[in-house]
Amino acid sequence: MRSKIRLLLCGALAACSLLPAAWAACRDAVVLVHGNAGTPSQFDNTYVELRARGWNDAEILRPAWGNRLCAACNDHDGSEETPVREALVEALARSCTGKIDVIAHSMGVTLAAKQIVQYGLAADVDAFVGIAGAYRGLWSCGTYPFHVVTSTCGAHGLSVNSPLLTGLWGHPLGARVHTIKSWIDQVVCYGGVCTVGGVHSSRIPGENASHDFATGHFGLLTDTAAFQVDLIE
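I will try to describe carefully the structure that is included in this document. (Residues numbered from 1 in each chain as written. Predicted model: local features only at pLDDT ≥ 70, side-chain atom pairs only at ≥ 80, totals over all residues. Heavy atoms only, no water.)

**Some words on the overall build of the protein**
Moving on, step 1. From N to C terminus, the protein includes eight helices and 11 strands.
Moving on, step 2. Of all 233 residues assigned to the protein, the portion counted as buried reaches 50%.
Moving on, step 3. Entry remark: accessible area of the protein is about 9,700 Å², with carbon and sulfur atoms responsible for 58%. (Helix = DSSP H or I, 4+ residues; strand = E, 2+ residues; numbered from the N terminus. Buried < 20%, exposed > 50% of the residue type's maximum accessible area, 1.4 Å probe, protein only. Areas by Shrake-Rupley, 256 points an atom, 1.4 Å probe, with all protein chains shown as cover.)

Quick look at the structure:
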């Protein structure tokens, strides 16, 4: 898989090198990854903002993943991974800069992160923006292995100290990593508790900066579109 990604990347760069006049207009392709049981349309505000700032439609990828009708059935292993991984690969193939940006929401943060870590793509990611993720786990899922018995909370899910999350710990996700979080996030801050080990669960180890907004879990996605694009420019 890694060799395939490199070949696609080299092909994209070679094509751009034949068009020096267009090189100045090149920008990273962007992958927008929605959350659990969500849809690509939840990123509509971000998509509109990207188009307004000059990205064309082919440079914006919005993979659809997971079971929309059963949030508890989704995890970070198997069929949920495939659309996200394929979008990252396709974005690299389309990006004439040779880099991509990733903006992800909620469970999409850890799902995208797993693909980047597993397939060694961090060097190809210029900016990673995690919005309302649960990188340190969800207290609503319990603590592994004494977790809530659902796929979303299991070994490949978001229970605190799950093998999935401990496996992501310490691995880089890109040249620049930002998180967007809230202290009134009704999903991440279960029972009003937002922290795991004294740190907000949305924060990603090694991040460049974390940004607070006074809005709920979904408002963090829909109401910060301009700021999201600011972070990747």
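**What to know about the nonpolar core**
Moving on, step 1. Ranked by internal contacts, the top residues of the largest apolar core, which has 36 residues, are V102, I116 and F128.
Moving on, step 2. Those elements giving two or more residues to this core turn out to be β1 (29-33), α4 (81-94), β3 (100-105), α5 (107-118), β4 (125-131), β5 (138-143) and α6 (163-168).
Moving on, step 3. Of the residues forming this core, the biggest block, six residues, is contributed by α5.
Moving on, step 4. Residues in contact with I116, not counting those within four places in the same chain, are L88, V102, L121, A122, V125, F128, P172 and L173.
Moving on, step 5. Membership of the second largest hydrophobic core comes to 18 residues, among which are L32, I60, V229 and L231. (Core = buried A, V, L, I, M, F, W, Y, C linked by side-chain atoms within 4.5 Å. Contact = heavy atoms within 4.5 Å.)

**A few points about a nonpolar patch on the surface**
Moving on, step 1. A surface patch of nonpolar side chains, about 290 Å² in accessible area, is lined by W139, Y190 and V193.
Moving on, step 2. Within the element layout of this structure, W139 appears in strand β5.
Moving on, step 3. For W139, a relative accessible area of 34% puts it in the partly exposed group. (Patch = residues over 30% accessible without salt bridge, like charges linked within 9 Å, V, L, I, M, F, W, Y side chains within 5 Å. Salt bridge = Lys/Arg side-chain N within 4 Å of Asp/Glu carboxyl O.)

**Some details on unusual backbone geometry**
Moving on, step 1. The step from Y144 to P145 runs through a cis peptide bond, and the omega angle for that step is 5°.
Moving on, step 2. Residues other than glycine seldom take positive phi values, yet S106 does so here, at roughly 60°.
Moving on, step 3. Checked against the element boundaries, S106 lands in the loop between β3 and α5.
Moving on, step 4. Notably, A132 is not glycine yet its phi reads approximately 55°, a positive angle.
Moving on, step 5. Relative to the elements of secondary structure, A132 occurs in the loop between β4 and β5.
Moving on, step 6. Judged by its relative accessible area of 1%, A132 falls in the buried class.

**Some words on the sheet that holds strand β2 (residues 60-61)**
Moving on, step 1. Taken in spatial order, the six strands of this open sheet run β2-β1-β3-β4-β8-β11, and their pairing is parallel. Of all strands in the sheet, those with a lone pairing partner are β2 and β11 (209-212), marking the two edges.
Moving on, step 2. Alignment of β1 against β2, held across two bridges, turns out to be parallel. Directly across from V30, in β2, lies its bridge partner I60. (Pairing = 2+ DSSP bridges.)

**Section: the pairing of β3**
Moving on, step 1. Burial analysis of β3 places six of its six residues in the buried class, which makes it a mostly covered element.
Moving on, step 2. The alternating pattern of β3 places I100, V102 and A104 on one face and D101, I103 and H105 on the opposite face, and all of these are buried.
Moving on, step 3. The sheet contact formed by β1 and β3 spans five bridges and is parallel. Each residue of the ladder has a partner; that of V31, found in β3, is V102.

**Let's talk about the pattern of salt bridges**
Moving on, step 1. In the structure shown here, the tally under the stated rule is 10 salt bridges.
Moving on, step 2. The salt bridge partner of K181 is D212, with a shortest N-O separation of 2.4 Å. Linking K181 in strand β8 (residues 176-181) with D212 in strand β11, this pair joins segments that are 31 residues apart in sequence.
Moving on, step 3. Accessibility expressed as a relative area gives 5% for K181, which makes it buried.
Moving on, step 4. We classify D212 as partly exposed; its relative accessible area is 44%.
Moving on, step 5. Between E207 and R203 there is a salt bridge, with its nearest N and O atoms 2.6 Å apart.
Moving on, step 6. By sharing partners, the salt bridges in this structure join E49, R53, D230 and E233 into a single network.

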